[in-house]
Amino acid sequence: MEELGYPVVLRNILKKARQMIFRRLTAKNCLEKIFKFSFLYTPFLALTVSCGPFFPANKPFFWKVEKNEKISYFLGTFHYGIPLEDLPCSKTILTKLRNSDLVLTELGSGVQDAQKEEWEKTFKLSPNNEDFNQLSPESQRFLEQNGISKELTYFHLNYYLTILCLKKAVGEETALTSMDVQVRSAAIYFNIPSQALDTLKLRKPGIKYHTTKEDIENKIKNFHLCPKYIQYGIAAYKMGNKLFTTKGLNKWLHNRYSTSESDKWLLKHRNEKWATQFKEAHENHDHIFIAAGSFHFTEPFNLIDMLRR
């Protein structure tokens, strides 16, 4: 199993080179020296935007999985706010997607008509606005002022707050762009069969642990900080930054002793099911492409470690 992304060694070399160069710059000769030394760091820039594994990558969002002469690719998505074509490796990602013979995404083509009533009852709508009515008057006013329905559960209030934050961070059109939907659309365009990794049954237990009243209150209280955090998160994601991983002793302790029901149901149990589903599909397909949220590949109980084991 191979990680594909930005080569951290080259990135560090480039950073140090720039620091050495610009430490001696003055306002007067700034442009002159930039052009003078540009030949030194241009090759490094050309390598760091490549998808090739020239050096061990830090924490990428794209993985190559190989066994028994069969090769598959996993894309850890940033669900909303980054168009697929904006990724540094977009051409490589789309090439691997186009050459696959099965695409797996979290929810496939979405919730089927027969499941919509159960979906809304379980995840979306709160009976008699129960969740909304438990919030503080300040939080209620904030939601109303921003046009967020009081009929929603905490889970979906959290979703719409995230979209609102994304709109302020990257603009409305980009905020509503879903990388996962783009992958599914590409599969349809290339006429590649696709399947869902998740089911309502698999998601249902984790939802009730996912978002609480306190989570919503804190998100609204600190909402003014959210757009900057989102901008930083997007930049970190594109760079394959360590923001998107848990490793070392912390990950070992978490995997062994975590009692968090949210972690177990949102990550552990779902990833175990996905690992089994992938291994079964691997027997019948030469090239599989999986797209799911990045935390499924980088957090404790992650799918990458499960498959390595």
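All of these numbers come straight from a predicted model, not from anything done at the bench. Residue numbers run consecutively from 1 along every chain, following the written order of its sequence. For this predicted model, a pLDDT threshold of at least 70 governs which residues receive local features, and a threshold of 80 or more governs which side-chain atom pairs are given and counted, while totals over whole chains, interfaces and linings are taken from all residues. The side-chain figures draw on all heavy atoms in the structure; neither hydrogens nor water molecules are used.

Trainee: Hey, could you run me through the overall build of the protein in this one?
Mentor: Helix and strand assignments follow DSSP, with helices taken as H or I runs no shorter than four residues and strands as E runs no shorter than two, numbered in order from the N terminus. Regarding its fold elements, the protein presents 16 helices and 6 strands. Partly exposed describes any residue whose relative accessible area lies between the buried limit of under 20% and the exposed limit of over 50%, with all areas from a 1.4 Å probe on protein chains only and scaled to the type maximum. Relative to its 309 residues, the protein shows a buried fraction of 45%. Residue contacts are defined here by distance: any two heavy atoms, one from each residue, within 4.5 Å place the two residues in contact. Once local pairs closer than 6 in sequence are excluded, the contacts in the protein between residues at least 24 apart make up 81%. Looking at the protein as shown, the accessible area adds up to about 17400 Å², and 53% of this sits on carbon and sulfur atoms. We get accessible surface area from the Shrake-Rupley algorithm with a probe of 1.4 Å; when it comes to residues, only the shown protein chains can shield them.

Trainee: Would you mind showing me how to read the state of the cysteines here?
Mentor: Here a disulfide denotes a covalent bond joining the sulfur atom of one cysteine to the sulfur atom of another. The disulfide definition used here is simple: a pair of cysteine sulfur atoms within 2.5 Å. This model, assessed by the stated rule, comprises 1 disulfide. With its sulfur 2.1 Å from that of its partner, C165 forms a disulfide with C226. The disulfide joining C165 to C226 has a torsion of about -110 degrees about its S-S bond and is therefore left-handed. Of the two residues, C165 sits in helix α7 (residues 154-170) while C226 sits in helix α12 (residues 226-238), which places them 61 residues apart along the sequence. Summarising the burial analysis for this pair, C165 and C226 share the class buried.

Trainee: I'm lost on the packing of helix α10 (residues 200-210) against helix α14 (residues 261-284) in this one. Help?
Mentor: Axis angle and axis distance: for two packed helices, these are the angle between their axes and the distance between the axes, and together they describe the pair. Only the stretch in contact is used when fitting a helix axis, every axis being a line fitted to C-alpha atoms; angles between N-to-C directions are given from 0 to 180 degrees. Closest axis-to-axis distance for the α10/α14 pair is 7 Å, and the angle between their directions is 160 degrees. The orientation of α10 with respect to α14, classified from their angle, is roughly antiparallel. Between α10 and α14 lies a crossing of left-handed hand. Seen from α10, the contacting residues are L202, R203, P205, G206, Y209 and H210; seen from α14, they are E261, S262, W265, L266, H269, R270, K273 and W274. Under this scheme an angle from 65 to 115 degrees is roughly perpendicular, one under 35 degrees roughly parallel, and one over 145 degrees roughly antiparallel; angles in between are oblique. In this scheme the crossing of two helices becomes right-handed for a clockwise turn of the near helix relative to the far one and left-handed for an anticlockwise turn of less than a right angle.

Trainee: Which parts of the structure should I look at to understand the packing of aromatic side chains?
Mentor: Both the distance between ring centres and the angle between the ring planes are used here to describe each pair of aromatic rings. Pairing of aromatic rings covers Phe, Tyr and Trp, the last counted by its six-membered ring, and requires centre-to-centre distances within 6.5 Å; plane angles under 30 degrees mean stacked, over 60 mean edge-to-face, and any other angle means tilted. Counting across every chain of the model gives 11 aromatic pairs. Ring plane angle 40 degrees and centroid distance 5.7 Å describe the contact between F74 and F297, whose orientation is recorded as tilted. Taken together, the positions of F74 in strand β3 (residues 70-77) and F297 in helix α15 (residues 295-298) put the pair 223 residues apart, joining distant regions of the chain. Judged on exposure class, the residue F74 and its partner F297 are both buried.

Trainee: Hey, could you run me through the nonpolar core in this one?
Mentor: Burial of nonpolar side chains together is a common tendency in soluble globular proteins. Core analysis: the largest hydrophobic core is formed by 42 residues, its most contacted members being L75, L87, I93 and F289. For this core, the elements supplying multiple residues, two or more each, are β3, α3 (90-98), α6 (137-145), α7, α9 (179-189), α11 (213-221), α12 and β6 (288-293). Sort the elements by how many residues they give to this core and α7 lands first, with 8 residues. In terms of nonpolar packing, the next biggest core, distinct from the first, is built from 18 residues, V65, A281, A292 and F297 among them. Nonpolar cores were defined as sets of buried Ala, Val, Leu, Ile, Met, Phe, Trp, Tyr and Cys residues, with membership established by side-chain atoms within 4.5 Å.

Trainee: Would you mind going over the packing of α7 against α12 with me for this structure?
Mentor: Where α7 meets α12, the axes come as close as 8 Å, and the angle between the chain directions of the two elements is 75 degrees. Classed by the angle they form, the pair α7 and α12 counts as roughly perpendicular. Residues C165, L166, K168, A169 and V170 of α7 form the contact with α12, whose participating residues are C226, P227, I230, Q231 and I234. Under the grouping applied here, Gly and all other residues not named as nonpolar or charged are polar, the nonpolar ones being Ala, Val, Leu, Ile, Met, Phe, Trp, Tyr, Cys and Pro and the charged ones Asp, Glu, Lys and Arg. Among the residues forming the contact of α7 with α12, the class breakdown is 8 nonpolar, 1 polar and 1 charged.

Trainee: Could you clarify how one ought to interpret α12 in this entry?
Mentor: Along an α-helix, residues three or four apart share an orientation, since each turn contains 3.6 residues. By definition here, a helix of n residues has an expected span of 1.5 Å times n minus one. Compared with an ideal rise of 1.5 Å per residue, which puts 13 residues at 18 Å, α12 spans 18 Å between its outermost C-alpha atoms and is within 8% of the ideal. Buried residues belonging to α12 abut β3, α7 and α9. The first or second residue beyond α12 is G240, which carries a positive phi of 65 degrees.

Trainee: Can you walk me through the environment of Q140 in this structure?
Mentor: Note on placement: Q140 falls in helix α6. Once the C-alpha coordinates of Q140 and I220 are considered, the two residues, 80 residues apart in sequence, prove to be 9.7 Å apart. In this view, Q140 contacts F132, N133 and L135; residues no more than four positions away in its chain are not counted. Side-chain polar atoms of Q140 contact the backbone oxygen of N133, separated by 3.5 Å. Throughout this description, a polar contact denotes any pair of N or O atoms lying within 3.5 Å of each other; where both atoms belong to protein, one of them has to be capable of donating a hydrogen while the other can accept it, and for residues adjacent in sequence the pair is counted only when both atoms sit in side chains.

Don't take any of this as a statement about function, it's just geometry.
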